[in-house]
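Per-entry structural report
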Amino acid sequence: MSKTLGYEAVMAERAAVMHESVGIDYRRYATGALAFDYERMLADTGYDVETARAVQSRTAVGDTPLVELKNITELVRSLAEPGKGARIFVKDEAANPSGSFKDRRASLSIHEARRRGYEGVVAASSGNYGAAVASQGAKASLRCIVVQEAFDSRGIAQPEIEEKTRACESYGAEVIRLSVGPELFYVFLQVLKETGYFNASLYTPYSVLGIETLGYELAVQTRDEQTGRFPDVVIATHAGGGNVTGTARGLLKAGAADTQMVAASVDLSGLHMASDRDFNRKSFTTGHTGFSLPFTTWPDRSDVPRSAARALRYMDRFVTVTQGEVFYATQVLAELEGMERGPAGNTSLAAAFAIARMLREEQVVVVQETEYTGAGKHPLAQLNLAKRMGIAVERGDPRDNRPGQRIVIPTHPSQIEVVDVDLDRVRRSYLRRALEALPQGERLGAEDLAFLAAETRSSRSYIEEVIHELPGKAG
Amino acid sequence: MTDLIAKGTWVDIHRVVLSPGERAPQVPEDTRQVPLEMRVKGVLAEDGALGDEVEVVTPIGRRLRGTLVASNPAYTHGFGPPIPELIPIGAEVRAILRERESHE
């Protein structure tokens, strides 16, 4: 990359570069001052579930096993009231070619990039998605560049990201590793501009439609192969919103309309996502509140003008668990079920311990993903780094966990609890942000009110009430 | 005198992308005080020594310039020593299951 334009100059070209690199004219979908036609934006890609499954099967993506966690279910029942303790299953997404469900997201992006004649693809990802794009790109003979936020100002790499660097390089990708900061997006834009490659964003329709197959498969597997019923609850680890959105849409397309969709994140409150100091004190690289709260309340903060990942439309419940609880669940998964996975994907498994315990025995909880584990990408690597950074690691009550200061590993599985995020507050926060984005002098029309109601899974009267209560209200 | 690293060697280069004064307005104070740095690996285009400004050819064929910082750099991530706080967990949960079986 040549030393070129300054930060402001590159950011000013954002819209034009994005249009060239995604091949979607997002302006076509505007239907109001804020509103846009979300369903049409997705439908215009032409990827329904069957088409997506056909594309994915050509590169051995998807059709992963649904595994019943019988010993963990027994463990949960031993903690529950009589008759309580739902059956717990996990969708073993580690069986995908690059070891995570992100292959589903990458597959349609790569397929689309190739169909449109791009020479290569660029992905901004420090995690599994980058490796998935590199893997799928290798299969499709496309050049691939992955841009990562990888190390702090002392040069200390986050071990999980270093493993992803290695994986991407093993697939033949160019990996640009950056120090900490949101200007990763500036570098990403420059790379797109210089190369003219396809933007394999996590937030395009392709990336989200690629996950619909996951929700669809797990619904059908749960009913037809395992239990005779659709899942009562599906728990998805929640960060940027694509996982929750795509999975929930797939469930609906399979007919599982009554399944409760739970979004689960690791609580990283108190740590700043753009802080050089906090970077190596998080112990998690994704699935945490540092992504999930801002992306739920404002999905269009992403690297495309209109994100296809709109989690607030789909979540019935949003919960958090602690770092220590996730490491505990990861250890239990290995020792009781013989499955060494995660740890980031086990956020929803930790939540399942608490949620299944409250449900009846005949009910079914599906933990919607696993991811591969290995050097760097492992509780040992994360906890050793935490200790090196001066974070206390101890056994105790997980309620004493303090992100960046103390990781508390539970002493008993009954201590694992979920903390509900207040969805009413999230909705109000979303609406506040939406109104801030309303162009000067514009007013909300009927289309906008209907759009905001769909965005927040509420009603027009709720929207009007909240807007009325906001200071400096618009519309 | 520094040893020359031969053209064709897999190396790591480094560059400052934004100096502290050029950082984005929204970055927190600690991040604002340090530069945005970039590292990327590729094959050395010409012989060079550590600390030299060099050109590399990346795995996809792009030519990038930066300061040569490492020759055939190792992947240093691993697992590290076992974590004592995790070691007892398996035995604890198996004991809970045995207790449950004995009551059934």
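What you are looking at is a predicted structure, and each value in this text was computed from that prediction instead of being measured.

Within chain A, the secondary structure is distributed over 18 helices and 13 strands. By the compact-globule yardstick of 23 Å for 475 residues, chain A fits well, its C-alpha radius of gyration being 21 Å. Here the C-alpha coordinates of chain A stretch approximately 60 × 50 × 45 Å along the principal axes. Across the 475 residues of chain A, 60% fall into the buried class. Taking as baseline every contact in chain A between residues at least 6 positions apart, the subset at least 24 positions apart corresponds to 77%.

Within chain B one finds two helices and four strands. Computed over the C-alpha atoms, the radius of gyration of chain B is 24 Å, more than 25% above the 13 Å expected from 2.2 N^0.38 for a compact globule of 104 residues. When the backbone C-alpha atoms are referred to their principal axes, chain B occupies close to 75 × 40 × 30 Å. Within chain B, counting contacts between residues at least 6 apart in sequence, those at least 24 apart form 52% of the total.

Below, the discussion takes up the interface of chain A and chain B. The interface of chain A with chain B comprises 55 residues on the first partner and 38 residues on the second. Residues that form the side of chain A that touches chain B fall into these classes: 27 nonpolar, 14 polar and 14 charged. Bridge count between strand β5 (residues 174-179) of chain A and strand β2 (residues 36-44) of chain B: three bridges; the pairing is antiparallel. Along β2 of chain B, the bridge assignment pairs Leu178 of chain A with Met38 of chain B.

Residues and elements named next belong to chain A. Ordered in space as β1-β2-β10-β7-β8-β9-β13, the seven strands form an open sheet in which the pairing is mixed. Of all the strands in the sheet, just β1 (66-68) and β13 (419-420) have a single pairing partner and so form its edges. Where strand β8 (residues 260-266) meets strand β9 (residues 317-321), five bridges bridge the pair, whose relative direction is parallel. Note on β9: the bridge partner recorded for Ala263 is Phe318.

Let's shift gears to helix α13 (residues 323-337) of chain A. All names here are of chain A. The terminal C-alpha atoms of α13 lie 21 Å apart, and with 15 residues this matches the ideal 21 Å at 1.5 Å per residue to within 8%. Most of α13 sits out of view: 12 of its 15 residues are buried. Positive phi appears at Gly338, one or two residues downstream of α13, with a value of about 65 degrees.

So, about the pairing of strand β12 (residues 406-410) of chain A. Residues and elements named next belong to chain A. Among the five residues of β12, four are classified as buried, and the element is accordingly described as predominantly covered. In the sheet, strand β11 (residues 392-396) pairs with β12 via five bridges, with the strands oriented parallel. In the strand pairing of β12, Glu394 is matched with Val408.

This brings us to the environment of Leu333 of chain A. Residue and element names in this part refer to chain A. When you line up the elements, Leu333 lands in helix α13. Judged by local crowding, Leu333 falls into the buried class, with 26 C-beta atoms found within 10 Å. Counting along the chain gives 262 residues from Leu333 to Asn71, while the straight-line C-alpha distance between them is 9.1 Å. Ignoring anything within four residues of it in the chain, the contact list for Leu333 reads Met339, Arg341, Asn346 and Leu349.

Residues and elements named next belong to chain A. Interhelical geometry of helix α16 (residues 423-436) versus helix α18 (residues 460-469) gives an angle of 70 degrees and a closest axis separation of 10 Å. The orientation of α16 with respect to α18, classified from their angle, is roughly perpendicular. Here Arg428, Leu431 and Leu435 of α16 lie close against α18, whose contacting residues are Ile463, Val466 and Ile467.

With that settled, consider the nonpolar core. By size, the foremost hydrophobic cluster in this structure holds 159 residues, and its most contacted members are Val121, Val133, Val147, Ile235, Ala351, Ile355 and Val365 of chain A. The residues touching Val147 of chain A, leaving out its near neighbours within four places in the chain, are Val122, Ala124, Ile176, Leu178, Leu184, Val187, Phe188 and Val191 of chain A.

Glancing now at the environment of Ile161 of chain A. All names here are of chain A. Of note, Ile161 is situated in helix α8 (residues 159-170). By the C-beta count within 10 Å, which is 23 here, Ile161 ends up buried. In this structure the C-alpha to C-alpha distance between Ile161 and Ala344, which are 183 residues apart in sequence, comes to 12 Å. Leaving out residues up to four positions away in the same chain, Ile161 has contacts with Ser126, Gln148, Ala150 and Thr285.

Here the focus is the pairing of strand β7 (residues 233-237) of chain A. All names here are of chain A. Within β7, five of the five residues are buried, which leaves the element mostly enclosed by the surrounding structure. On β7, burial covers both faces: Val233, Ile235 and Thr237 on one face and Val234 and Ala236 on the other are all buried. Taken together, the five bridges between β7 and β8 define a ladder with parallel strand orientation. The partner of Ala236 across the bridge, within β8, is Ala263. As a crossover connection, the stretch from β7 through helix α11 (residues 242-254) into β8 is right-handed. Pairing geometry for β7 and strand β10 (residues 364-367), over three bridges, is parallel. Within the sheet, the bridge partner assigned to Val233 lies in β10 and is Val365.

Once that is clear, we can look at the packing of α13 of chain A against helix α14 (residues 347-358) of chain A. Residue and element names in this part refer to chain A. Two numbers describe how α13 lies on α14: the axes approach to 8 Å, and their chain directions differ by 90 degrees. One element, α13, and the other, α14, form an angle in the roughly perpendicular class. For the pair formed by α13 and α14, the contact residues are Glu325, Val326, Ala329 and Leu333 on the first element and Thr347, Leu349, Ala350 and Phe353 on the second.

On to unusual backbone geometry. All names here are of chain A. Looking along the chain, the bond that leaves Gly342 and enters Pro343 is cis, with omega of 10 degrees. Unlike most non-glycine residues, Ser141 shows phi in positive territory, near 55 degrees. Topologically, Ser141 is positioned in the loop between α7 (128-139) and β4 (143-151). Here the phi dihedral of Ser283 falls at roughly 65 degrees; this positive angle occurs in a residue that is not glycine. With respect to the helices and strands, Ser283 occurs in the loop between β8 and α12 (289-297).

Criteria and cut-off values
In every chain, residue numbers begin from 1 and rise along the written sequence. Here every chain gets a letter starting at A, and every ligand a number starting at 1, in the order they are written. With the structure being a predicted model, the display of local features is reserved for residues of pLDDT at least 70 and the display and counting of side-chain atom pairs for 80 or more, all residues being used for whole-chain, interface and lining totals. Helix numbering and strand numbering both begin at the N terminus, where a helix is a DSSP run of H or I of at least 4 residues and a strand a DSSP run of E of at least 2. A radius of gyration in this sense is built from C-alpha atoms; the matching globule rule multiplies 2.2 Å by the number of residues raised to 0.38. Here exposure depends only on C-beta density: within 10 Å of a residue's C-beta, 20 or more other C-beta atoms make it buried, 12 or fewer make it exposed, and intermediate numbers make it partly exposed, the C-beta atoms being placed from the backbone. Two residues form a contact once the distance between their C-beta atoms, set from the backbone, is within 7 Å. Under the scheme applied, nonpolar residues are Ala, Val, Leu, Ile, Met, Phe, Trp, Tyr, Cys and Pro; charged residues are Asp, Glu, Lys and Arg; polar residues are all the others, including Gly. DSSP calls a pair of strands paired once it identifies at least 2 bridges connecting them. Helix span, as expected, comes to 1.5 Å for every residue beyond the first. Angles run from 0 to 180 degrees between N-to-C directions of axes, and those axes are lines fitted to C-alpha atoms, restricted for helices to the stretch in contact. Roughly parallel means an angle under 35 degrees; roughly antiparallel means over 145; roughly perpendicular covers 65 to 115; every other angle is labelled oblique. In this description, a nonpolar core means buried residues of the types Ala, Val, Leu, Ile, Met, Phe, Trp, Tyr and Cys, linked to one another by C-beta atoms lying within 7 Å. Think of it like this: strands point away, you trace from the first strand over the helix to the second, and a clockwise trace means the crossover is right-handed.

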